Amino acid sequence: KASGYQIQCATDKRFKKNLKAVKIGKRSKTSYKVKKLLPKKKYYVRIRAYKKVGKTYIYGSWSKAKKVKTK
């Protein structure tokens, strides 16, 4: 079971210009609103699960990036 999820948001699909990375600690959460993004701009978003074992975090692989446009 995953302890939580990590969301990454960037302006390019290779995630070289990473703008935001957020850890969500609740497994039951089904949505998350990323704040402080520019309006009417295209972003690429991806997510991965992680598990905390002691003091160490074990990460899964990143999902396929999805292109979204802000309102």
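Residues numbered from 1 in each chain as written. Predicted model: local features only at pLDDT ≥ 70, side-chain atom pairs only at ≥ 80, totals over all residues. Heavy atoms only, no water.

Participant: What should I look at first to understand the packing of aromatic side chains in this one?
Facilitator: How two aromatic rings sit relative to each other is set out by the distance from centre to centre and by the angle between their planes. Under the definition given, this model contains three aromatic pairs. Between Tyr50 and Tyr59, the ring centres sit 6.0 Å apart and the planes meet at 50°, which makes this aromatic pair tilted. A relative accessible area of 8% places Tyr50 in the buried class. Here the guanidinium or amino end of Lys23 rests over the ring plane of Tyr57, the centre of that ring lying 3.6 Å away. When the ring centre of Phe15 is taken as reference, the NZ or CZ atom of Arg46 above it lies at 3.9 Å. (Phe/Tyr/Trp six-rings, centres within 6.5 Å; stacked < 30°, edge-to-face > 60°. Buried < 20%, exposed > 50% of the residue type's maximum accessible area, 1.4 Å probe, protein only. Lys NZ or Arg CZ within 6 Å of the ring centre and 35° of its normal.)

Participant: Whenever I open this one, the environment of Val45 confuses me. Can you help?
Facilitator: The residue Val45 is located in strand S3 (residues 42–53) in this model. Between the C-alpha atom of Val45 and that of Lys64, which follows or precedes it by 19 residues, the distance is 8.5 Å. (Helix = DSSP H or I, 4+ residues; strand = E, 2+ residues; numbered from the N terminus.)

Participant: Before we go on, may I ask you to explain the side chain of Asp12 in this structure?
Facilitator: Looking at the element boundaries, Asp12 is found in the loop between strand S1 (4–10) and strand S2 (18–24). Buried charge without a partner: Asp12 forms no salt bridge, and the closest opposite charge is Arg14, 6.2 Å away. (Lys, Arg positive; Asp, Glu negative; His and termini not counted. Salt bridge = Lys/Arg side-chain N within 4 Å of Asp/Glu carboxyl O.)

Participant: In this structure, what is going on with unusual backbone geometry? I would like to understand it.
Facilitator: Most peptide bonds take the trans form, and the phi angle of most residues other than glycine is negative. We note that Phe15 has phi near 60°; this positive angle belongs to a residue other than glycine. Along the chain, Phe15 turns up in the loop between S1 and S2. Residue Phe15 is classed as buried on the basis of its relative accessible area, which comes to 9%. Unlike most non-glycine residues, Lys40 shows phi in positive territory, near 55°.

Participant: I'm lost on a positive patch on the surface in this one. Help?
Facilitator: Residues Lys13, Arg14, Lys16, Lys40, Lys42, Lys67 and Lys69 make up a contiguous surface patch of positive charge. Position of Lys42 relative to the elements: it lies in strand S3. Accessibility expressed as a relative area gives 48% for Lys42, which makes it partly exposed. (Patch = residues over 30% accessible without salt bridge, like charges linked within 9 Å, V, L, I, M, F, W, Y side chains within 5 Å. Areas by Shrake-Rupley, 256 points an atom, 1.4 Å probe, with all protein chains shown as cover. Charge placed at Lys NZ, Arg CZ, Asp CG, Glu CD.)

Participant: Whenever I open this one, the pairing of strand S4 (residues 56–59) confuses me. Can you help?
Facilitator: Every other side chain in a regular strand lies on the same face of the sheet, so the side chains alternate between the two faces. Bridge analysis of S3 against S4 gives four bridges, and the strand direction is antiparallel. Bridge pairing in S4 places Tyr50 opposite Tyr59. In this antiparallel pair of consecutive strands, S3 and S4, the connection spans two residues, and Gly54 shows a positive phi of 65°. (Pairing = 2+ DSSP bridges.)

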